[in-house]
Amino acid sequence: MLNSDNYFAIFGLEPKFNIDEALLRKRYYALQQQVHPDSFDSNEEQAERAMAVNEAYYHLVSPINRARHLLQLSGMKLDEEDDNLPAPEPVLLMELIEIREAIEGATTEKQLLSYFKNIEHDLELLWKDFADKYDDHKIDLAAKALVKAQYWVKLIAEIKQKISLLGYDHAN
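Residues numbered from 1 in each chain as written. Predicted model: local features only at pLDDT ≥ 70, side-chain atom pairs only at ≥ 80, totals over all residues. Heavy atoms only, no water.

*Asks:* Whenever I open this one, the packing of aromatic side chains confuses me. Can you help?
*Replies:* To describe a pair of aromatic rings, you give the distance between the ring centres and the angle between the ring planes. Tallying each qualifying case throughout the model produces five aromatic pairs. Summarising the aromatic geometry, the rings of F17 and W127 are spaced 5.1 Å apart at their centres and angled 25° between planes, so their arrangement reads as stacked. Within this pair, whereas F17 is found in the loop between helix 1 (7-10) and helix 2 (21-35), its partner W127 is found in helix 6 (residues 109-135), the two being separated by 110 residues in sequence. An identical accessibility class is assigned to F17 and W127; each is buried. Judged by centre distance (4.0 Å) and plane angle (20°), the rings of Y28 and Y57 are stacked. Of the two residues, Y28 is situated in helix 2 and Y57 in helix 3 (residues 44-61); the sequence distance between them amounts to 29 residues. The exposure classification of Y28 matches that of Y57, with both residues buried. Each member of the aromatic cluster is reached from another via a ring pair, and the members are F17, W127, F130 and Y134. (Phe/Tyr/Trp six-rings, centres within 6.5 Å; stacked < 30°, edge-to-face > 60°. Helix = DSSP H or I, 4+ residues; strand = E, 2+ residues; numbered from the N terminus. Buried < 20%, exposed > 50% of the residue type's maximum accessible area, 1.4 Å probe, protein only.)

This is the structure we're talking about:
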């Protein structure tokens, strides 16, 4: 069970983007109790099982990592060196430039929170688009949605950083 390359199988979940995160967490803690090296006489096999559970959880709890894993399960070769994801389209790059310029020019918490909420909303729609495309076996289109979603996640992080640098409360 723990030797699977399918992280969903480790937790007994169906391989799909929209998962029950509370169930994932529950199963993670249950598996941790079974395999954690501190719970038993520590041996190499037990430590490897614990690491496999942790790695699987890390990949499934993060939407980006979960989406990447689903693409890999569908046969797309992804790694840190060469993602093999589609290149961002020029219109997306122009949109990113405009958004980043607006964020850079923002001087008030209200402006930044407005950008944050808009981008967060767009990201939710992108994840829905990814899930729909993946469920319809349109893997190339799902990959394009992931590319854009990765940029939106970075934009959210940039906004949070700017809010912090300006001394405002964090965005929620």
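Text resumes after the structure shown.
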